[in-house]
Amino acid sequence: MKILITGANGQLGLTLQDVFAGNDLVLTDKETLDITDAKAVDNFVDVAKPNVIINAAAYTAVDQAEIDKELAKKINLNGAKNLAAAAKKTGAIFFQVSTDFVFDGKKSKPYVESDEPNPLSYYGQSKLDGEKAVAAVGGKYFILRTAWLYSPFGKNFVKTIAKLGREKEELKIVSDQIGCPTYAYDLALAMKQLIDLVPSNQVIEQPVSTGTSQGGSSNDSIFGLYHFAGTGECSWFEFAQEIVKLSDGKAKVIPQTSYEYAASRGETIIAERPKYSPLNCDKIEKLGIKTIPWQESLAKCIEILKQNKEL
Ligand SMILES: NC(=O)c1ccc[n+]([C@@H]2O[C@H](COP(=O)([O-])OP(=O)(O)OC[C@H]3O[C@@H](n4cnc5c(N)ncnc54)[C@H](OP(=O)(O)O)[C@@H]3O)[C@@H](O)[C@H]2O)c1
């Protein structure tokens, strides 16, 4: 299977390279395929003719997005739309990754796909706009909302806390935001399982670029919007406690509020985050795709970091 991965050097992109190894992978980054360039995306997909396109490219700097709204919009909205259009035109299956930050966190039960989004931050808004654009284009798309992503690759909370937990005596971590830590490897595997569930007559054999849609409608199919995250929920503080414990750190983890955290850095809160954003994953689990308890996947990730001598 030929799979085009955008943002291939980001943490999800690198994880996807691992999980889809053995396939014909077309790996692109900002330099080789800038997803904000509609013409370049259209041409690239036309020539490469992938069966599947996974958009792992995004503007992910949540605070910076409040300042650099134009760029966040270009990448998270226009980029997603360009790829969805190219996928629809060629009949490729398309994956767009979205976020729990589309919700305002005012619920007290995990969010389901039909809950009304109400992003608190511009990052969340730009990701929601990207979702809407992909759905409006149509075709054979999956939008997967995920949360609190970590992996052995790139920079993320797990790697930072595991390192600091070994170096420092004390770590103050935000305890008033609850979510679902998600191992990027589990998300990539879920994508693989979803591809396997697509009926073979909807996976293009020899894509052609006639400009007409070959995309199956999402009405009577498995395509559409899903939540996928680690099972269970915790605060960043509880997440950090588990990271320090599993990575044999010595630091005492101390809870603090988001306001205390910002004040300790001499800042005011730049981007508001949802206080409660766990994702209910029943819809994807009904397809037979299992979510994994977050502690179990975290242990696997820490083990890999130890094996790689990164800890
Ligand atoms: N990280 C999380 O906690 C989290 C939570 C929920 C959802 N998500 C979603 O999960 C997805 C993957 O996130 P991640 O953590 O893997 O992000 P990441 O590590 O920041 O990777 C994003 C990649 O996109 C690339 N990129 C940026 N602009 C581009 C452009 N115009 N064209 C092509 N590539 C471009 C970046 O390259 P440069 O580094 O060179 O800019 C980077 O390699 C995103 O859709 C994100 O919104 C993430």
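Shown above is the structure to which this text applies.
First, a word on what this report is: a plain description of the structure on this page. (Residues numbered from 1 in each chain as written. Predicted model: local features only at pLDDT ≥ 70, side-chain atom pairs only at ≥ 80, totals over all residues. Heavy atoms only, no water.)

## Some points on the site of the ligand
Residues in contact with the ligand amount to 24 residues; listed here are only the nearest, Leu 12, Lys 30, Thr 60, Tyr 123 and Lys 127. Measuring from an oxygen atom of the ligand, one finds a backbone N or O atom of Leu 12 at 2.8 Å. Take Ile 35: an N or O atom from its main chain is 3.2 Å from a nitrogen atom of the ligand. Considered on its own, the ligand offers 910 Å² of accessible surface; in the complex 78% of this is hidden by protein. Residue assignment for the shell around the ligand shows that the elements contributing at least two residues are helix H1 (11-19), strand E4 (93-99) and helix H5 (122-137). (Near = heavy atom within 4 Å. Polar contact = N/O pair within 3.5 Å; in protein donor to acceptor, adjacent residues only side chain to side chain. Areas by Shrake-Rupley, 256 points an atom, 1.4 Å probe, with all protein chains shown as cover. Helix = DSSP H or I, 4+ residues; strand = E, 2+ residues; numbered from the N terminus.)

## Quick notes on the nonpolar core
Within the largest apolar cluster, 62 residues are counted, with the highest numbers of intra-cluster contacts made by Leu 16, Phe 95, Phe 142, Val 158, Met 191 and Phe 239. Listed in part, the 29 residues of the second largest apolar core include Val 26, Ala 84, Ala 87 and Val 137. (Core = buried A, V, L, I, M, F, W, Y, C linked by side-chain atoms within 4.5 Å. Buried < 20%, exposed > 50% of the residue type's maximum accessible area, 1.4 Å probe, protein only.)

## With respect to the pairing of strand E3 (residues 52-55)
On E3, burial covers both faces: Val 52 and Ile 54 on one face and Ile 53 and Asn 55 on the other are all buried. Note: E3 against E4, four bridges, orientation parallel. Bridging across to E4, Ile 53 finds its partner in Phe 94. (Pairing = 2+ DSSP bridges.)

## Some details on the layout of surface pockets
Each pocket or cavity is described by its volume, and for the second largest pocket that value is around 160 Å³. As for the second largest pocket, its lining consists of Glu 116, Pro 117, Leu 128, Glu 131, Lys 132, Ala 135, Tyr 141, Ile 143, Gly 224 and Leu 225. Looking at the lining of the second largest pocket, the elements with two or more residues in it are H5, strand E5 (141-146) and strand E10 (224-227). Tallying contributions element by element places H5 first for the lining of the second largest pocket, with four residues. Of the residues in the lining of the second largest pocket, the class split is six nonpolar, one polar and three charged. (1 Å grid on protein atoms, 1.4 Å probe; cavity = no way out; pocket = protein on both sides within 12 Å on 5 of 7 lines; lining within 4 Å. Points joined across faces, edges and corners; volume = space filled by probe spheres on them. Nonpolar A, V, L, I, M, F, W, Y, C, P; charged D, E, K, R; others polar.)

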